[in-house]
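Structural features, examined
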Amino acid sequence: HRDLLLSIRRQRQMCIRDRTGSGDNRLVLAASDVTALSDTHELRVDGNVGDAVTASGAGWSAGADLSVGENLYHSFVNEGATLLVDADVTMSFT
């Protein structure tokens, strides 16, 4: 795995990070990163099997799952930040 600084694109004011098709990737985020990256304090991470997201810092809790098109996302909230992670991506907390 490699740590990535990913390009950002905005869609309806939500920040989206798409890592599909680019090998096994790893992304580590704190709640402050999510709020800094998006006007709405929401970040959606698209990926596939082999990719991983780590939410750092205390206080993350699971929210409701969300379907967007054909994709399912698990949601996690912390201090006003919402992280939506593609269900194919491995999620962990530190």
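Residues numbered from 1 in each chain as written. Predicted model: local features only at pLDDT ≥ 70, side-chain atom pairs only at ≥ 80, totals over all residues. Heavy atoms only, no water.

A look at the environment of Ala64
Following the sequence through the fold, Ala64 ends up in the loop between strand E6 (61-62) and strand E7 (66-68). Along the backbone, Ala64 and Leu84 are 20 residues apart, and their C-alpha atoms lie at a distance of 9.8 Å. (Helix = DSSP H or I, 4+ residues; strand = E, 2+ residues; numbered from the N terminus.)

Focus on the sheet that holds strand E10 (residues 90-93)
Pairing within the open sheet is parallel, and its three strands lie in the order E3-E5-E10. Edge positions in the open sheet fall to strand E3 (26-30) and E10, since each of these has one partner strand only. Taken over all neighbouring pairs, the strand axes of this sheet differ in orientation by 20° on average, direction set aside. (Pairing = 2+ DSSP bridges. Axes fitted to C-alpha atoms, helices over the stretch in contact; angles between N-to-C directions.)

Here we look at the side chain of Ser75
Inspection of the secondary structure puts Ser75 in strand E8 (residues 71-78). Within the structure, the side chain of Ser75 is placed 2.6 Å from the backbone oxygen of Ala64, a separation counted as a polar contact. Once residues lying within four places of it in the same chain are set aside, the contact partners of Ser75 are Ser61, Ala62, Gly63, Ala64, Asp65, Leu83 and Leu84. (Polar contact = N/O pair within 3.5 Å; in protein donor to acceptor, adjacent residues only side chain to side chain. Contact = heavy atoms within 4.5 Å.)

Digging into the confidence of the model for the protein chain
When pLDDT is low, close inspection of the predicted coordinates is not appropriate. When the pLDDT values of the protein chain are averaged, the result is 80; 77% of them are 70 or greater. Here residues 1-15 scores under 50 on pLDDT; set against residues more than four positions off or in separate chains, the count is 43 contacts. (pLDDT = per-residue confidence, 0-100.)

Overview of the environment of Asn71
Along the chain, Asn71 turns up in strand E8. Judged by relative accessible area, Asn71 falls into the partly exposed class, the value being 35%. Within the local environment of Asn71, its side chain forms a polar contact with the side chain of Tyr73, the two groups lying 3.4 Å apart. (Buried < 20%, exposed > 50% of the residue type's maximum accessible area, 1.4 Å probe, protein only.)

Examining the pattern of salt bridges
A full pass over the atoms with the stated rule returns one salt bridge. Ionic pairing is found between Asp46 and Arg44, a salt bridge with its closest N-O pair at 3.4 Å. Taking relative accessible area as the criterion, Arg44 reaches 11% and is therefore assigned buried. (Salt bridge = Lys/Arg side-chain N within 4 Å of Asp/Glu carboxyl O.)

A few points about the nonpolar core
With 16 residues, the main nonpolar core has Leu43, Val53, Trp60, Leu83, Val85 and Met91 as its most contacted residues. Elements that contribute at least two residues to this core include exactly E3, helix H1 (31-37), strand E4 (42-46), strand E5 (52-56) and strand E9 (81-86). When sequence neighbours within four positions are dropped, the list of residues in contact with Leu83 reads Leu29, Val34, Leu43, Val45, Val53, Ala55, Trp60, His74, Ser75, Phe76 and Met91. (Core = buried A, V, L, I, M, F, W, Y, C linked by side-chain atoms within 4.5 Å.)

Overview of the pairing of E4
The element E4 is largely enclosed, with a buried count of four among its five residues. Here E4 runs beside E9; their pairing, made up of four bridges, is parallel. Note on E9: the bridge partner recorded for Val45 is Val85.

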